[in-house]
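Geometric and topological summary
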Amino acid sequence: AFSIQMRGSGDAPLADLRLGKKRVSEEGYFIRKAAGEDVYLLDVNMAELLGIHADFDATAPLSNAWTDLGLFDLDPEQVTKITVSLMKGGERTMITGLGRETDPKDPLKISWKFLRKDMSSPLDPGKVLKFMATLNSIRAEKVVDPGGTSYGFEKPVWQLAVAEGSKKTLLNAGPKDEKGDFFYVKRSGDPTVFELKASFFEDLNVDDTNFVKDISPDPEPQKDLPQSIVAGSL
């Protein structure tokens, strides 16, 4: 059987159940209290509720079934600053710096600007919103043992920082794995270690040029048609 334990505040036990691994109908399983003798039949797909899609005797529930693999849950209206930095040998190089400004004369008028002084190109606020949507949508591949080693967080090589109201979230990344398939990433103040696909990491590893406003080319002036063609069309 599987043991299912539920606990409340103060780690107080609320329920201790035993779920039989044998399915007795299309969606039927036996269950009883750990300290009881009465056996009940559940007409519920317990395998699916426990996050697996095969018979219990073929596999077992995995913690990833309940894990939130999202890295961010941002409210775009509350975000005031976004930076992306590369780190090497104790040196930090900011490759993206975006800050939100509010017009002191009109609190409803909000604009975004580049934090780096050498960025003279106009910024596209729509691209900033698109990037925040990317942050909210990207999902890690899985979580790994937070007590593990060799993740590279002792000397992270990359960091993304987002200021949202009074909260600041830092996402650190260690070096790419030897096969080049993924990065280990970890948020500040959170023990969870995520494995993030390299392709998704590249969506986050952007510089200021990613937010430059596209300038439409000026339309070419229409040339005068030859007199013979104008005459021939009359």
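Keep in mind the model is a prediction, meaning the values are calculated, not measured.

What counts and what doesn't
Residues numbered from 1 in each chain as written. Predicted model: local features only at pLDDT ≥ 70, side-chain atom pairs only at ≥ 80, totals over all residues. Heavy atoms only, no water. pLDDT = per-residue confidence, 0-100. Helix = DSSP H or I, 4+ residues; strand = E, 2+ residues; numbered from the N terminus. Buried < 20%, exposed > 50% of the residue type's maximum accessible area, 1.4 Å probe, protein only. Contact = heavy atoms within 4.5 Å. Salt bridge = Lys/Arg side-chain N within 4 Å of Asp/Glu carboxyl O. Pairing = 2+ DSSP bridges. Axes fitted to C-alpha atoms, helices over the stretch in contact; angles between N-to-C directions.

The subject of this paragraph is the confidence of the model for the protein. When the pLDDT values of the protein are averaged, the result is 87; 87% of them are 70 or greater. In the model of the protein, helix α4 (residues 227-232) stands out as the element of lowest mean pLDDT, 50, in contrast to strand β9 (residues 158-164), which has the highest, 97.

As for its placement among the helices and strands, E26 is situated in the loop between β2 (13-25) and β3 (28-33). For E26, a relative accessible area of 66% corresponds to the exposed category. Separated by 17 residues in sequence, E26 and D43 have C-alpha atoms that sit 8.3 Å apart.

Take the environment of L98 next. Relative to the elements of secondary structure, L98 occurs in strand β6 (residues 91-103). Taking relative accessible area as the criterion, L98 reaches 0% and is therefore assigned buried. Put simply, L98 and P125 are 27 residues apart on the chain and 9.9 Å apart in space, counted from C-alpha to C-alpha. In this structure L98 touches T80, K81, I82, W112, K113, F114, L115, L123, V128, D208 and F211, once residues within four positions along its chain are discounted.

Tallying each qualifying case throughout the model produces nine salt bridges. As a salt-bridge pair, D11 and R7 come within 3.9 Å of each other at their nearest N and O atoms. Bridged by salt links that share partners, the residues R116, D118 and D208 form one connected network.

We now examine the sheet that holds β9. Across a sheet, paired strands are connected by hydrogen bonds in the backbone, their directions being either parallel or antiparallel. Strand order in the open sheet formed by eight strands is β7-β6-β5-β9-β10-β11-β12-β8, with antiparallel pairing between adjacent strands. The open sheet is flanked by β7 (106-114) and β8 (142-144), the only strands paired with a single partner. The mean inter-strand angle of the sheet, taken between neighbouring strand axes irrespective of direction, is 25°. As judged from the eight bridges shared by strand β5 (residues 79-88) and β6, these two strands associate in the antiparallel manner.

Once that is clear, we can look at the sheet that holds β3. Read from one edge of the open sheet, four strands run β1-β2-β3-β4, paired in antiparallel fashion. Two strands lie at the open edges of the sheet, namely β1 (2-7) and β4 (39-43), each paired on one side alone. On average, adjacent strands in this sheet sit at an angle of 30° to one another, irrespective of strand direction. Where β2 meets β3, five bridges bridge the pair, whose relative direction is antiparallel. Bridge assignment links L19 to a residue of β3, and that residue is I31.

Turning our eyes to something else, we now look at unusual backbone geometry. Its identity as a non-glycine residue notwithstanding, D11 has a phi of 60°, on the positive side. On the secondary structure map, D11 appears in the loop between β1 and β2.

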